[in-house]
Structures are given as structure tokens and as C-alpha cells.
Amino acid sequence: MPLYYVIKENKDFVRLYRRGKSCVDPLLVTYIFFNKSNRTRIGITATKKIGGAVQRNRAKRVIRAAIREQDLSLLKGCDIVFVARTKTTLCKSTEVSKVMKKHFEKLLLNRKDK
């Protein structure tokens, strides 16, 4: 069983933006929605506001590297979307990882079915 599944469809992203809880930082925006399955699904987006294709790909690569540093076992049954921001392209994955950890701690406190 994979560590997490990838969100690819637009309807899933839109559902998370509308119904999910969010946490904002200058490096990263995190949306989380607690689903009824036992799967963790993760999506990463980077808009054209960030820059050209090179900058957007770097931002997504940095976020993916930061995800690998996280303990995703606490997040079973969650859909998560990470939105890259302009400063994401200028930092290392360890900085983004620290921001992710803060977001997870803040958003998991609101979880009802712990």
C-alpha cells in the first residue's frame, strides 16, 4: 500500500478549497479535509503567479521533498492540498517541512474523530 495517493482531478481540488480547513504562511498554503476513507491523498498546485514553468516545477519539487520528511501516519483519512507561494521557490525543503509541521499540528487539533 502506498504512503499516500495523489489528487489529480479538478473536482477534488475544488471540494478541498470550498469545504476544507486552511492554514496560511508566506511559504505555503495548506488545505485539509477529513474524508471517510482510510486513505491519505495529497495534491500540489503552483499557479502562474509564481513564475514560469521552471519556478513552478521547483516549487512543486521542494514541496514533494518536504512531504517525504513528514510522518503521514497521523493523517490517515485526510485529503490535503498544498499551494505553493512565490517564496516557496526561494527556500529549501527543510524550511517548507517546518511550515508543514506547524500547519499539521494546528489543523489536526480541530479533528473531531481522533
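Procedures and definitions
- Residues numbered from 1 in each chain as written.
- Predicted model: local features only at pLDDT ≥ 70, side-chain atom pairs only at ≥ 80, totals over all residues.
- Heavy atoms only, no water.
- Salt bridge = Lys/Arg side-chain N within 4 Å of Asp/Glu carboxyl O.
- Helix = DSSP H or I, 4+ residues; strand = E, 2+ residues; numbered from the N terminus.
- Buried < 20%, exposed > 50% of the residue type's maximum accessible area, 1.4 Å probe, protein only.

S.K.: When you look at the pattern of salt bridges in this model, what are you seeing that I'm missing?
M.R.: In a structure, side chains of opposite charge can pair up when their charged atoms sit close to one another. Inspection of the entire model under this criterion finds 5 salt bridges. Asp 12 is the partner of Arg 15 in a salt bridge, and the nearest nitrogen-oxygen pair spans 4.0 Å. With Arg 15 and Asp 12 both in helix α1 (residues 10-19), this residue pair falls 3 residues apart, about one helical turn. Across the pair Asp 12 and Arg 41 runs a salt bridge, and its minimum N-O distance is 3.6 Å. In this pair, Asp 12 sits in helix α1 while Arg 41 sits in strand β4 (residues 41-45), placing the two residues 29 residues apart along the sequence. Note on Asp 12: relative accessible area 13%, which makes it buried.

S.K.: What's the story with the environment of Gly 52 in this structure? I'm lost.
M.R.: Relative to the helices and strands, Gly 52 is located in the loop between β4 and α2 (53-68). Expressed as a C-alpha distance, the spacing of Gly 52 and Ile 7, which sit 45 residues apart in the sequence, is 23 Å.

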